[in-house]
Amino acid sequence: NLYVGSAAAGGGHHEAQDYPDPFTYDTEYRKLLAAEFSSVTPENQLKWEFVHPERGVYNFGPADEIVEFARRHNQKVRGHTLLWHSQNPAWLEEGDFTDEELREILREHIFTVVGRYKGQIHQWDVANEIFDGNGNLRTQENIWLRELGPGIIADAFRWAHEADPKAELFFNDYSVEGINAKSTAYYNLIRDLRAQGVPVHGFGVQAHLSTRWPFPADMQANLQRFDELGVATAVTELDVRMDLPGGAAPTPAQLQQQADYYRQALQACLNVAGCGSFTIWGFTDKYSWVPVFFPDQGAATVMWENFERKPAYYALQDTL
Ligand code: XIL
């Protein structure tokens, strides 16, 4: 009973991602998204800068479409995300608010966005990337932590829970696939919050992997310890990029290694009872964020730009 999902492309904030909304204009893309997956995650369409571009002004059209698409095709939706240091609108980051105002802005946003999709979004990434690589809270970059202190994290989960009591509420981050300082910081925080009765239900590992590094061999053990803590786990944004200097084509060895990483990530999730959701961050290189954000890297998804399947696609299929 594993939901296998993909990000639904669109709304990227980088100028190189300024293509017509694939969700609306690319029929073949849409067909595959419907046919191949049992879950979708709006890639950008629920982030603050996209959904809440001006104070009190919401842009729900594109997210509504994705949620409606998912309903028609019997798919789950993962909501992403509510409290993050990145992709916040200028009015928020550069605004001059008192602590009380800022707190009310977050509360209102969470009630409005989570409330709108009540019963239609089964998992929410409430807090995204709140720790740095050393396992310290990002108290400088993250406006909420900086201005309101770490107590705002529990508030965000409580508000989201009030807005949709049935939604599973997650922490989510990258470089937390294995056991390390960052994933252990989450382990401790989730344990403490749950001991205080805060409605935290899950831990998501993004899994933006690269063939440059070894596969995190302790991924299963890491997911397992969260399982034992009593929370669900999920793989939320898997992709496996590779070095393609000067736009080189991937070699068969790179594609094999990539397929192996996809397979191992899926196997780790399958082996852990509480890992109920497995999402890749886009299924085609045509719309992947990777070449835009990682110069000289790419080919990170399971299909080529023309939607032909890579070895990684078949690796997932054979493992399921
Ligand atoms: C990325 C999107 O894929 C891009 O389209 C956008 O321009 C930037 O953000 N971690 C996350 C995701 O939690 O929201 C990010 O998505 C990738 C890293």
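Definitions and cut-offs
Residues numbered from 1 in each chain as written. Predicted model: local features only at pLDDT ≥ 70, side-chain atom pairs only at ≥ 80, totals over all residues. Helix = DSSP H or I, 4+ residues; strand = E, 2+ residues; numbered from the N terminus. Rg over C-alpha atoms; globule rule 2.2 N^0.38 Å. Buried ≥ 20, exposed ≤ 12 C-beta atoms within 10 Å, placed from the backbone. Contact = placed C-beta atoms within 7 Å. Near = placed C-beta within 6 Å. Nonpolar A, V, L, I, M, F, W, Y, C, P; charged D, E, K, R; others polar. Pairing = 2+ DSSP bridges. Core = buried A, V, L, I, M, F, W, Y, C linked by C-beta atoms within 7 Å. Arc of directions from axis to C-beta. UniProt positions renumbered as here; feature names shortened; annotations may be inferred. pLDDT = per-residue confidence, 0-100. Axes fitted to C-alpha atoms, helices over the stretch in contact; angles between N-to-C directions. Left-handed = near helix turned anticlockwise from the far one by under 90°. Parallel < 35°, antiparallel > 145°, perpendicular 65-115°, else oblique.

Undergrad: Explanation requested: the overall build of the protein in the structure shown.
TA: Scanning the protein from terminus to terminus reveals 13 helices and 10 strands. Over its C-alpha trace the protein gives a radius of gyration of 19 Å, about what one expects of a compact globule, namely 20 Å for 320 residues. Taken across its 320 residues, the protein has 46% of its residues classed as buried. In the protein, of all internal contacts separated by at least 6 residues, the share reaching a separation of at least 24 is 77%.

Undergrad: Looking at this model, I keep getting lost on the site of the ligand. Mind explaining?
TA: What surrounds the ligand is the set Gly 12, His 13, His 14, Gln 17, Glu 43, Asn 44, Asn 128, Tyr 174, Gln 206, Glu 237 and Trp 289. The residue makeup of the shell around the ligand, split by class, is 2 nonpolar, 7 polar and 2 charged.

Undergrad: What's the story with the pairing of strand 2 (residues 39-42) in this structure? I'm lost.
TA: A regular strand places its side chains so that they alternate between the two faces of the sheet. Side chains Ser 39 and Thr 41 project from strand 2 onto one buried face, and the interleaved Val 40 and Pro 42 project onto a second face that is buried too. In this structure, strand 1 (residues 3-8) lies alongside strand 2, joined through 4 bridges in parallel fashion. Across the sheet, residue Ser 6 finds its bridge partner in strand 2, namely Val 40. Looking at chain direction, strand 2 and strand 3 (residues 76-83) are connected through 2 bridges and run parallel. Residue pairing for strand 3: Val 40 is matched across the bridge by Val 77.

Undergrad: What is the right way to look at the nonpolar core in this model?
TA: The nonpolar side chains of a soluble globular protein tend to be buried, and buried together. Residues Val 126, Ala 156, Ala 160, Tyr 262 and Ala 265 are the most contacted members of the largest nonpolar core, which totals 89 residues. Residue contacts for Tyr 262: discarding those within four places in its chain leaves Val 240, Val 302, Ala 312, Ala 315 and Leu 316.

Undergrad: Honestly, helix 10 (residues 219-229) in this entry has me stumped. Any pointers?
TA: Think of an α-helix as turning once every 3.6 residues; residues three or four places apart then point the same way. Buried within helix 10 are the following residues: Met 219, Asn 222, Leu 223 and Phe 226. Burial along helix 10 is one-sided: seen end-on, the buried residues are contained in an arc of 95°. Where the residues of helix 10 are buried, they touch helix 9 (181-195), strand 6 (202-205), strand 8 (232-243), helix 11 (252-270) and strand 9 (275-280). Downstream of helix 10 by a residue or two, Gly 230 has a phi angle that is positive, lying close to 95°.

Undergrad: Please explain the UniProt feature "domain: GH10" (unreviewed entry) in the protein as it appears in this structure.
TA: UniProt marks residues 16-319 with the feature "domain: GH10" (unreviewed entry), using the numbering shown here. Taken end to end, residues 16-319 is 42% helix and 17% strand, and its two terminal C-alpha atoms sit 34 Å from one another.

Undergrad: Would you mind going over the confidence of the model for the protein with me for this structure?
TA: Detailed reading of predicted coordinates is not advised where the pLDDT is low. When pLDDT is averaged along the protein, the result is 97, and 100% of the positions lie at 70 or above. Model confidence for the complex is summarised by a pTM of 0.98, with the ipTM given as 0.99.

Undergrad: So what exactly am I meant to see when it comes to the packing of helix 6 (residues 99-116) against helix 8 (residues 151-163) here?
TA: How two helices pack is summed up by the angle between their axes together with the distance between the axes. Contact geometry for helix 6 and helix 8: axes closest at 9 Å, N-to-C directions at 35°. Note on packing geometry: the crossing formed by helix 6 with helix 8 is right-handed. Along its contact with helix 6, which presents Leu 106, Arg 107, Ile 110, Phe 111, Val 114 and Gly 115, the element helix 8 presents Ala 156, Trp 159, Ala 160 and Ala 163. When its residues are assigned to classes, the contact of helix 6 with helix 8 shows 8 nonpolar, 1 polar and 1 charged.

Undergrad: Help me out: how do you make sense of the packing of helix 9 against helix 10 in this one?
TA: Where helix 9 contacts helix 10, the two axes come as close as 11 Å, and the packing angle between them is 5°. One element, helix 9, and the other, helix 10, form an angle in the roughly parallel class. Between helix 9 and helix 10, the contacting residues are Ser 183, Tyr 187, Ile 190 and Arg 191 on the first element and Asn 222, Arg 225, Phe 226 and Leu 229 on the second. Here the residues of the contact of helix 9 with helix 10 sort into 4 nonpolar, 2 polar and 2 charged.

Undergrad: Is there a simple way to think about the pairing of strand 3 in this case?
TA: Of all the 8 residues making up strand 3, 8 are buried; the element is thus mostly covered by neighbouring parts of the structure. Pairing between strand 3 and strand 4 (residues 123-128): 4 bridges, direction parallel. Residue pairing in the sheet places Leu 83 in a bridge with Ala 127 of strand 4.

Undergrad: What is the right way to look at the environment of Pro 295 in this model?
TA: Following the sequence through the fold, Pro 295 ends up in the loop between helix 12 (290-293) and strand 10 (297-298). As for Pro 295 and Glu 308, which are separated by 13 residues in sequence, their C-alpha atoms are 23 Å apart.

Undergrad: When you look at the environment of Gln 257 in this model, what are you seeing that I'm missing?
TA: Locating Gln 257 in the fold gives a position in helix 11. Taking the number of C-beta atoms within 10 Å as the measure of exposure, Gln 257 has 18 and is therefore partly exposed. Separated by 48 residues in the primary sequence, Gln 257 and Glu 305 place their C-alpha atoms 19 Å from one another.

Undergrad: Please explain unusual backbone geometry as it appears in this structure.
TA: Outside of glycine, negative phi angles account for most residues, and trans bonds account for most peptide bonds. That bond from His 80 to Thr 81 is cis: its omega, 0°, falls within 30 degrees of zero. Looking at the element boundaries, Thr 81 is found in strand 3. Its identity as a non-glycine residue notwithstanding, Asp 296 has a phi of 65°, on the positive side. Of the residues examined, Asp 296 has 13 C-beta atoms within 10 Å and is grouped as partly exposed. A positive phi angle, near 75°, is found at Phe 307, a position not held by glycine. Considering the arrangement of structural elements, one finds Phe 307 in the loop between strand 10 and helix 13 (311-319).

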